[in-house]
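Breakdown of the fold
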Amino acid sequence: MTTAIVVAVDGPAASGKTTLAKRLAEANGLRFLDTGLLYRAVARRVLARGQSPADEPAAAAAAEAVSADDLDPQALSAERIGEGASIVAVHPAVRRALLAFQRDFAARPPGAVLAGRDIGSVVCPDATLKLFITATPEVRARRRFEELRSRGEVVMYERVLQDVVERDRRDQDRAVAPLSAAPDAIRIDTSALDLDASLAALQAALDARRAPPHRKT
Ligand code: C5P
């Protein structure tokens, strides 16, 4: 039995869920885990050994070896690693190997916000609050395009959109823990919202969940 507050923030690639989840954690004194980094760290280990992300035993061995020290966002930000992450993520043995790390992280008081694809559905089905962040593929591709360009990368919008659609397809179609909103998740569409307005929507959902049932206004 734990008293930790756990907020599950799921959603597709470039929905803004990671930035929003991190800000929500900071604003509420909760710890934060971007679970995408775990899959990226697995891909990085596999690629560094010259192995293929499609090789399940190799990816599972890499997943067993992943630790908190591997989760440096800078070292894991390359598109090639993101691509590899979505390939290693289809392997059941990889997902199994990463489960304990995520659950241990969530269980430690005072609690945590976890951003990912299957947090509300598989990793923390008993989360205090489950949020599903969405935006249209075009809006998500536009945001990622601007972000890559601001980092000095030369990219074409059409190519970024194609990657977003392809990544969605792979995340939604995989047999194990596909990207989908848990039935009890609150959906927040950020297509027409800026960062502050999106964050306010997440905070309002958390406040409503934490409010005592008979609070006087
Ligand atoms: O969120 P990010 O782009 O860093 O995630 C990289 C990949 O890792 C995703 O495309 C997805 O396939 C996988 N992933 C996952 N489950 C999670 C987090 C990420 O399958 N909880």
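Residues numbered from 1 in each chain as written. Predicted model: local features only at pLDDT ≥ 70, side-chain atom pairs only at ≥ 80, totals over all residues. Heavy atoms only, no water.

What follows covers helix H7 (residues 137–150). Here H7 is 14 residues long and its end C-alpha atoms lie 20 Å apart, about the 20 Å a rise of 1.5 Å per residue gives. Restricting attention to buried positions, one finds in H7 the residues Arg140, Ala141, Arg144, Phe145 and Leu148. For H7, the arc enclosing every buried residue in end-on projection is 135°, short of the 170-degree limit, so these residues lie on one face. Check the buried side of H7 and you find it contacts helix H4 (79–88) and helix H8 (157–173). (Helix = DSSP H or I, 4+ residues; strand = E, 2+ residues; numbered from the N terminus. Expected span 1.5 Å × (residues − 1). Buried < 20%, exposed > 50% of the residue type's maximum accessible area, 1.4 Å probe, protein only. Arc of directions from axis to C-beta. Contact = heavy atoms within 4.5 Å.)

Turning our eyes to something else, we now look at the site of the ligand. In the vicinity of the ligand there are 15 residues, among which Thr35, Arg40, Arg95, Asp171 and Arg174 approach most closely. One of the side-chain N or O atoms of Asp118 is found 3.1 Å from a nitrogen atom in the ligand. Within the complex, the protein chains bury 96% of what would otherwise be the 450 Å² of accessible surface of the ligand. Those elements that provide at least two residues to the shell around the ligand are helix H2 (36–48), H4 and H8. With three residues, H2 is the largest single contributor of residues to the shell around the ligand. Residues belonging to the shell around the ligand are distributed by class as follows: three nonpolar, four polar and eight charged. (Near = heavy atom within 4 Å. Polar contact = N/O pair within 3.5 Å; in protein donor to acceptor, adjacent residues only side chain to side chain. Areas by Shrake-Rupley, 256 points an atom, 1.4 Å probe, with all protein chains shown as cover. Nonpolar A, V, L, I, M, F, W, Y, C, P; charged D, E, K, R; others polar.)

Attention shifts here to the side chain of Arg167. Note on placement: Arg167 falls in helix H8. Here Arg167 occupies a buried position and makes no salt bridge, while the nearest side chain of opposite charge, Glu79, is found at 4.2 Å. Ignoring sequence-local partners within four residues, the contact set of Arg167 consists of Ala13, Arg40, Glu79, Gly82, Glu83, Ser86 and Arg144. (Lys, Arg positive; Asp, Glu negative; His and termini not counted. Salt bridge = Lys/Arg side-chain N within 4 Å of Asp/Glu carboxyl O.)

On to the pattern of salt bridges. One pass over the structure, following the stated rule, counts 15 salt bridges. Residues Glu83 and Arg170 are paired through a salt bridge, measuring 3.2 Å at the closest nitrogen-oxygen approach. Of this pair, Glu83 sits in helix H4 while Arg170 sits in helix H8; the two residues are 87 residues apart in sequence, bridging distant segments of the chain. Since its relative accessible area comes to 33%, Glu83 is described here as partly exposed. On the basis of relative accessibility, which here comes to 17%, the residue Arg170 falls in the buried class. Arg169 is the partner of Glu166 in a salt bridge, and the nearest nitrogen-oxygen pair spans 2.9 Å. Taken together, the residues Glu166 and Arg169, both in helix H8 and three residues apart, mark about one turn of the helix.

So, about helix H1 (residues 17–28). Look at H1: 16 Å from first C-alpha to last across 12 residues, which is about the 16 Å you get at 1.5 Å a residue. Turning to H1, its buried residues number three or more, namely Lys17, Leu20, Ala21, Leu24, Ala25 and Asn28. One side of H1 carries all its buried residues, which in axial view fall inside an arc of 135°. Projecting away from the buried face of H1 at angles above 90 degrees are the exposed residues Glu26 and Ala27. Elements that come into contact with the buried residues of H1 comprise strand S1 (5–10), strand S2 (31–34), strand S3 (111–116), strand S4 (129–134) and helix H9 (195–210). Phi turns positive one or two residues past the end of H1, at Gly29, with a value near 65°.

Another point: the nonpolar core. Of all hydrophobic cores here, the largest spans 31 residues; its most connected members are Leu38, Tyr39, Val42, Leu98, Leu114 and Cys124. For this core, the secondary-structure elements that each account for two or more residues are S1, H2, helix H3 (56–65), H4, helix H5 (92–107), S3 and helix H6 (119–123). Not counting chain neighbours up to four residues away, the residues in contact with Leu38 comprise Leu33, Val66, Leu71, Leu98, Phe101 and Gln102. Val7, Leu24, Leu30 and Ile188 belong to the second-largest nonpolar core, a separate cluster that totals 18 residues. (Core = buried A, V, L, I, M, F, W, Y, C linked by side-chain atoms within 4.5 Å.)

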